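Structural features, examined
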Amino acid sequence: MAFDVAPVEWRACGGAECAGLEVPLDYQDPTGPTITIAMARLAATGSAEARLGSIFVNFGGPGGEGTETIQSYESFIPDSLRQRFDIVSWDPRGVEDTSGLGCDEAIGDEPTDLVSFEDGFDDDVAADTIVWDRVMECVATSPVVDDLGTVAVVNDLEMMRRAVGDEALTYLGFSYGTEIGWVYATLYPDVVRAMVLDGAVPPSDGLSEQTFSQLVAINDAIVRWGRGCEQSPNCPLRDEGYEQTILRLMDELEADPIELSDGTTFGPVDLGNLVVSMTYLDQTEWGPVFVDTVAALDAGDLNPILEIAASFEGGSETATFWSVLCADGTGILSDSDYESLYAEALNLSPIVGQLPGGLFCDRFPGEIDGLPTLDTNGTPPLIVIGNTGDNATPYADSVLLDQLLANSVLVTYDGPGHTITFSDACVDQIVVDYFVDLSIPAPGTRCGNASTVGDGWFVPIGD
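All of the points below concern the structure found in this document. Just so you know, these numbers come straight off a predicted model, no measurement behind them.

Criteria and cut-off values
- Residues numbered from 1 in each chain as written.
- Predicted model: local features only at pLDDT ≥ 70, side-chain atom pairs only at ≥ 80, totals over all residues.
- Heavy atoms only, no water.
- Axes fitted to C-alpha atoms, helices over the stretch in contact; angles between N-to-C directions.
- Helix = DSSP H or I, 4+ residues; strand = E, 2+ residues; numbered from the N terminus.
- Parallel < 35°, antiparallel > 145°, perpendicular 65-115°, else oblique.
- Contact = heavy atoms within 4.5 Å.
- Nonpolar A, V, L, I, M, F, W, Y, C, P; charged D, E, K, R; others polar.
- Disulfide = S-S within 2.5 Å.
- Buried < 20%, exposed > 50% of the residue type's maximum accessible area, 1.4 Å probe, protein only.
- Pairing = 2+ DSSP bridges.
- Right-handed = clockwise from strand over helix to strand, strands pointing away.
- 1 Å grid on protein atoms, 1.4 Å probe; cavity = no way out; pocket = protein on both sides within 12 Å on 5 of 7 lines; lining within 4 Å.
- Points joined across faces, edges and corners; volume = space filled by probe spheres on them.
- Core = buried A, V, L, I, M, F, W, Y, C linked by side-chain atoms within 4.5 Å.
- Salt bridge = Lys/Arg side-chain N within 4 Å of Asp/Glu carboxyl O.

Further remarks concern the packing of helix α4 (residues 150-164) against helix α5 (residues 176-187). The packing of two helices is summarised by the inter-axis angle and the distance between the axes. Look at α4 against α5: their axes get within 9 Å of each other, and the N-to-C directions meet at 70 degrees. One way to sum up the angle between α4 and α5 is to call them roughly perpendicular. Of the residues in α5, those touching α4 at T150, V151, V153, V154, N155, L157, E158 and R161 are Y176, E179, I180, V183, Y184 and L187. Tallied by class, the residues present in the contact of α4 with α5 amount to 9 nonpolar, 2 polar and 3 charged.

Have a look at this one:
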């Protein structure tokens, strides 16, 4: 790559150190315009002699920032890693301080109408595309609109590796960060030192395949929450049922959305989105909390659910999420294709299928670059980690990615939640041993124990 990257110059910022790294806007034109990648690191705490380099971390997305998140993770990272490595993250292009698109305000308030099959889906698609076109009109004004895809992000990562002086990349990717990982391993296999991919996003045939796989997993997770409620004597929704209560409240909120003091509303889509978001969390910890919150909403107390909703705000840019997926060649569909997708979504999940939204990438104003064909021949052994109860990145996808990688080992965590590294002692020890000593776990290694977790709040679907 014909671009002479400068060494990183770190400066103090909050509880970390920050830097800006100049890289090409378009890697096909390395002498052309540049952008500055916002980076942050937690410097190694051990001696200079003990230091092994940097661990680059991406926390997911697309659209997720890293420079602030890395600081919030400091207390969760094992000391044995902190002593030996700088922990580095960054805001990918189009996010926050790295040429952020700034287009989320164009999305507006959540709609108060649910998707309905009673009169076809023409009106649902029309309503969604109005929002989409408004957001894309904003996206089109960004200088990075033609250079947002994952391949460009991976090239930025390679520039950062060179800039910090590491001979090879040590990397931890969560969720979408696993896609960044396997694309990097495909494009730069000779400079991979170690790579952990937690919550896999493998190659797919497009939006429909990804959507339906995730929809099934999300619906399974909602069913698990319902079973957890059924088996808990203290669940306030036991009589009516968790799912039935949610569906009734969504209908009631569609008929009469609640007006908030800021002029917005809390409606059925807000509730449905929260139900989905909560399934990303550890059900054994958050199940009892959320059902109490839903019960409070049903009784007329909105404050608890607004507090939970506020906790999910920030950290990720929706317009960038949409744009990166489009730039990667996902979701190039017509409006009629979306009508079919909505119908299948309703069939797969009575709750999630009612939520509007779609990737109308035929209307995306930027360049569509696509993704390379996964080919990681030449890398050292990689580790894939998958949760059996992960709905956002279903466990089957981790199994698939492990099969597609040329040299990898799958570590299975039996339990709930979306990704697990830095949240489980067993998994963390595997990651520490791998990153520090390049020790590879045995095939078939498992952590967690779903059958004994919690007060009935995590129940495997097959049980």
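Turning our eyes to something else, we now look at the state of the cysteines. Under the counting rule described, the total for this entry stands at 5 disulfides. Across the disulfide, C326 is cross-linked to C361 (sulfur-sulfur distance 1.9 Å). The sign of the -80 degrees torsion about the S-S bond sets the C326-C361 disulfide as left-handed. Highlighted residues: C326 in helix α11 (residues 318-327) and C361 in the loop between α12 (335-348) and β10 (382-389), separated in sequence by 35 residues. Here C326 matches C361 in class, with each residue buried. Disulfide pairing is shown between C426 and C447; the S-S distance is 1.9 Å. Judged by the sign of its S-S torsion, about -60 degrees, the cystine formed by C426 and C447 is left-handed. Here C447 lies in strand β12 (residues 446-448) and C426 lies in helix α14 (residues 425-437), a separation of 21 residues in the sequence. Across the chain, the disulfide pattern expressed with sequentially numbered bonded cysteines is 1-2, 3-4, 5-6, 7-8, 9-10.

This part covers the pairing of strand β7 (residues 192-198). The element β7 is extensively covered by neighbouring structure, given that 6 of its 7 residues are classed as buried. Judged from the 6 bridges that link them, strand β6 (residues 169-174) and β7 form a sheet pairing that is parallel. Of the residues in β7, the one forming a bridge with L172 is V196. The parallel pair β6 and β7, bridged by α5, forms a crossover whose chirality is right-handed. In the sheet, β7 pairs with β10 via 3 bridges, with the strands oriented parallel. Bridge assignment links L197 to a residue of β10, and that residue is V384.

This part takes up the sheet that holds β6. With respect to topology, 10 strands assemble into an open sheet ordered β1-β2-β3-β5-β4-β6-β7-β10-β11-β12, the strand pairing being mixed. Looking along the sheet, the strands with just one partner apiece sit at the ends: β1 (11-13) and β12. The mean inter-strand angle of the sheet, taken between neighbouring strand axes irrespective of direction, is 25 degrees.

Their axes nearest at 7 Å, the elements helix α9 (residues 283-298) and helix α10 (residues 303-311) cross at an angle of 130 degrees. Classified by the interaxial angle, the pair formed by α9 and α10 is oblique. Counting all contacts with α9, which are made through V289, F290, T293, A296 and L297, the residues of α10 involved are P304, I305 and I308. Tallied by class, the residues present in the contact of α9 with α10 amount to 7 nonpolar, 1 polar and no charged.

One pass over the structure, following the stated rule, counts 2 cavities of 30 Å³ or more. A volume near 40 Å³ is recorded for the largest cavity. N58, G60, P62, G63, G64, P92, R93, V95, V153, Y176 and V324 are the residues that line the largest cavity.

By volume, the second largest pocket amounts to about 280 Å³. Taken together, 14 residues form the lining of the second largest pocket, with D26, Q28, V151, N155 and D369 sitting closest to its centre. The class makeup of the residues in the lining of the second largest pocket is 5 nonpolar, 4 polar and 5 charged.

If you look at the biggest cluster of nonpolar residues, it comprises 99 residues, and the most contacted ones within it are L21 and F435. Sort the elements by how many residues they give to this core and α14 lands first, with 7 residues. Each residue touching L21, except ones within four places of it in the same chain, is listed here: V5, A6, V8, I35, T36, I37, M39, M159, M160 and A163. Grouped together as the second largest cluster of nonpolar side chains are 31 residues, C229, L237, V275 and L297 included.

In this section: the pattern of salt bridges. Under the counting rule described, the total for this entry stands at 12 salt bridges. A salt bridge links R93 to D156; the nearest nitrogen and oxygen atoms lie 2.8 Å apart. Placement of R93 in the loop between β5 (85-91) and α3 (122-139) and of D156 in helix α4 is noted, with a sequence separation of 63 residues between them. Through salt bridges with shared partners, a single network forms among E17, R41, R51 and D86.

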